[in-house]
Amino acid sequence: MDARDTSAATAGLDAPGSGLAPLSGGGTGTAEDTFLAASTRILDAINSVIDGKEDASRLVLTVLLAEGHVLLEDVPGVGKTMLAKTLARAVDCSVTRIQFTPDLLPSDVTGVSIYNQDAHRFEFRQGPVFANIVIGDEINRASAKTQSALLECMEERQVTVDGGTYRLAEPFMVVATQNPLEMEGTYALPEAQRDRFMARISLGYPDTASEMEMLETHQSVSPLDAVVPVATARDIAAMTARVRDVYVSAAVKEYTVAIGAATRDHPQIRLGASPRALLQLLRASKARAALDGRDFVLPDDVAQLAGAVLPHRLILERKALGAGETPAAVLQAILAKVPVPRPPGAQLPAARP
């Protein structure tokens with residue numbers, strides 16, 4: 001039994017033989033090499049600008065390949081917008097940026113119908129949401145009415161204006177940044193809006209070595225200027241198609257459902273994970289597996305990504321909030337209790353320590 005088979009057996013999986021479609025010609029091995037080479041180029045480009053945040057860079061790429069959207073939340077000045085711009089620069093596709101402000105209108109996001117006097121009819125002028133990667137800077141500084149303009153875009157990948165429906169480009173990803181709610185001039189994102197973001201990432205402050213490196217290299221010129229596209233929109237489409245074909249066993253699906261059910265039944269949680277949250281957790285797990293060079297999902301993929309995919313969707317009871325609990329801490333306690341899939345007769349712990 002090779003290493004791949006051992007991993008599958010340990011996870012209690014029925015891992016199939018590799019059956020993924022190649023990115024561009026060649027056999028399956030060539031497709032895997034092409035996928036990993038493209039992902040490495042993108043990560044290298046991001047990490048050349050964002051110092052010491054390799055995990056955040058990898059998670060952003062994971063969300064992109066899982067066809068999701070990402071919310072970057074942290075205090076001002078830690079590189080949220082820079083991370084979004086670097087990802088957009090590394091991929092040769094259409095990119096727009098929306099600066100969210102209190103006076104921004106929904107039509108400023110989606111577009112507006114303008115009357116053409118020469119043609120005697122209304123014509124739709126596309127808004128900035130019509131792009132492959134949409135950077136929404138400080139999304140929680142806009143009103144709830146404007147924030148809601150993204151609901152249809154993010155879920156159904158289309159825009160409906162004045163009775164007409166317009167499809168968005170593929171691939172399509174919203175990379176939004178927001179400041180913590182205690183900052184001035186912010187509005188809380190509605191639950192339905194947060195639920196449409198596959199993952200929430202908090203960058204945090206860089207470590208000493210990374211901050212010293214930043215002071216050395218970011219003085220005279222921005223490293224973002226040196227970033228060139230290393231993948232095309234067609235490459236990303238082929239990579240996401242490959243991710244869709246990653247195998248998920250029934251045991252891993254049951255494990256994912258069990259985590260979701262545990263959040264809904266937990267006494268400290270008022271609003272648990274939605275079915276959409278579990279779908280996105282599984283999609284992200286498939287992308288993580290592909291980035292690791294596997295064509296099957298392990299329970300560890302689900303457990304490791306749950307911390308980024310689920311906490312921003314959970315709403316705690318007031319008593320739990322008063323006791324200082326956080327959604328992330330409650331989720332970790334849940335993961336420690338939910339049994340992990342294992343093969344019959346294997347001497348493995350039934351719950352994560």
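An account of the accompanying structure is given in this report. Counting of residues starts from 1 at the beginning of each chain's written sequence and follows it residue by residue. Residue-level local features of this predicted model are given only where pLDDT is at least 70; pairs of side-chain atoms are given and counted only at 80 or more, and the full residue set underlies all totals for whole chains, interfaces and linings. Just so you know, side-chain values use all the structure's heavy atoms and leave hydrogens and water out.

1. Re helix α13 (residues 299–309)
- In terms of burial, α13 is a largely internal element, eight of the eleven residues being buried.
- Note on exposure labels: buried denotes an accessible area under 20% of the residue type's maximum, exposed denotes more than 50%, and partly exposed covers the range between, all computed with a 1.4 Å probe on protein chains only. Put simply, DSSP marks the helices as runs of H or I at least four residues long and the strands as runs of E at least two long, and each gets a number from the N terminus on. Regarding α13, the residues found buried are P299, D301, V302, A303, L305, A306, A308 and V309.
- Here, residues are in contact when the closest pair of their heavy atoms is within 4.5 Å. Check the buried side of α13 and you find it contacts α3 (54–65), β10 (199–201), α11 (250–265), α12 (275–291) and α15 (327–337).

2. Overview of unusual backbone geometry
- In this chain, E170 is followed by P171 through a cis amide linkage whose omega measures -5°.
- Looking at the secondary structure, you find P171 in the loop between β8 (164–167) and β9 (173–178).
- Here the phi dihedral of E67 falls at roughly 60°; this positive angle occurs in a residue that is not glycine.
- The partly exposed category is assigned to E67, whose relative accessible area is 29%.
- A positive phi is found at H120, a non-glycine position, where the angle reads about 60°.
- Within the secondary structure, H120 is located in the loop between β4 (111–116) and β5 (121–126).

3. Describing the packing of aromatic side chains
- By convention, a stacked pair of Phe, Tyr or Trp rings (six-membered ring in the case of Trp) has centres within 6.5 Å and planes under 30 degrees apart, an edge-to-face pair has planes over 60 apart, and any other such pair is tilted. Evaluation of the coordinates by the stated rule reveals three aromatic pairs.
- Centre to centre, the rings of Y115 and F122 are 5.1 Å apart; their planes meet at 65°, and the pair counts as edge-to-face.
- For Y115, a relative accessible area of 41% gives the class partly exposed.
- Judged by its relative accessible area of 58%, F122 falls in the exposed class.
- Between F124 and Y166, the ring centres sit 4.2 Å apart and the planes meet at 10°, which makes this aromatic pair stacked. Of this pair, F124 sits in strand β5 while Y166 sits in strand β8, and the two are 42 residues apart along the sequence.
- Ring-pair connections join several aromatic residues into one group, and the members of that group are F124, F130 and Y166.
- Note on criteria: charge over ring means Lys NZ or Arg CZ within 6 Å of the ring centre, with the direction from the centre no more than 35 degrees off the ring normal. Sitting above the plane of the F296 ring, R294 keeps its charged end 5.9 Å from the centroid.

4. Examining α11
- The end-to-end C-alpha distance of α11 is 22 Å, a good match for the 22 Å that 16 residues give at a rise of 1.5 Å each.
- When α11 is considered as a whole, its buried residues turn out to be V252, Y255, T256, I259, G260 and T263. Buried residues of α11, seen end-on, are gathered within an arc of 135° and therefore sit on one face of the element. For α11, the exposed residues set more than 90 degrees away from the buried face come down to A250, E254, V257 and D265. Multiplying 1.5 Å by the helix residue count minus one yields the expected span of that helix. Note: the arc covers the axis-to-C-beta directions of the helix.

5. Some thoughts on a negative patch on the surface
- Like-charged residues are merged into a patch within 9 Å and nonpolar side chains (Val, Leu, Ile, Met, Phe, Trp, Tyr) within 5 Å, provided each residue has over 30% relative accessible area and no salt bridge. Exposure was quantified through the Shrake-Rupley algorithm and a 1.4 Å probe, taking into account, for residues, occlusion by the shown protein chains and nothing else. By salt bridge we mean one thing: a side-chain nitrogen of Lys or Arg within 4 Å of a carboxyl oxygen of Asp or Glu. When charges are tallied, Lys and Arg are placed among the positive residues and Asp and Glu among the negative ones, while His and the ends of the chain are skipped. By convention, the charge on Lys lies at NZ, on Arg at CZ, on Asp at CG and on Glu at CD. A cluster of acidic residues, E54, D55, D207 and E211, forms a negative patch at the surface.
- Tracing the sequence through the fold places D55 in helix α3.
- With relative accessibility at 68%, the residue D55 sits in the exposed group.

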